[in-house]
Amino acid sequence: MQLSQPDRERIAEWIQTKCGQLRCTCCGYGIFEIVPLATLPIGVDLHSMRFFYAHGVPQVSVGCRNCGHLLIFSSEIMGFKPDAPPPVPIPEGAK
Ligand SMILES: [Zn+2]
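Conventions we followed
Residues numbered from 1 in each chain as written. Predicted model: local features only at pLDDT ≥ 70, side-chain atom pairs only at ≥ 80, totals over all residues. Helix = DSSP H or I, 4+ residues; strand = E, 2+ residues; numbered from the N terminus. Contact = placed C-beta atoms within 7 Å. Pairing = 2+ DSSP bridges.

With that settled, consider unusual backbone geometry. Not every positive phi belongs to a glycine, and M49 is a case in point at roughly 60°. Relative to the helices and strands, M49 resides in the loop between β2 (43-45) and β3 (50-52).

Okay, structure coming up:
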């Protein structure tokens, strides 16, 4: 999900309210940038090598402008409810 400017402003306000001034745990820098795309990590079953798209927690990432270290927040807790997850693709020959 592409985050609009109002989305990013809302996220910045949420972080300020809940966390105060962020400090990077790697370099100590205090300026962060909200990554303009919310993401959903995918899981992989290492035995079948199937991907699971529906089990991840939707995320918003905030990156340190100095070293690039990322902080990950749950977008659902922030109030962004995603649409239904995409269907899990069935691999070729897995019937
Ligand atoms: Zn940093």
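The next thing to look at is the environment of I42. Topologically, I42 is positioned in the loop between β1 (32-34) and β2. Between the C-alpha atom of I42 and that of F52, which follows or precedes it by 10 residues, the distance is 5.7 Å. Those residues in contact with I42 that sit more than four places away from it in its chain are F51, F52, Y53 and G56.

Of note, S74 is situated in strand β5 (residues 70-74). Residues S74 and A38, 36 residues apart in the sequence, show an inter-C-alpha distance of 9.6 Å. The contact partners of S74, leaving out residues within four places of it in the chain, are V57 and Q59.

Here we come to the pairing of strand β4 (residues 59-64). Strand residues, when the strand is regular, have side chains that alternate between the two faces of the sheet. Bridge analysis of β1 against β4 gives 3 bridges, and the strand direction is antiparallel. Opposite E33, over in β4, you have G63 as the bridge partner. In terms of strand pairing, β4 meets β5 through 5 bridges, oriented antiparallel. In the strand pairing of β5, V60 is matched with F73. A loop of 5 residues connects β4 with β5, the two strands running antiparallel in sequence, and G68 in this loop sits at a positive phi of about 85°.

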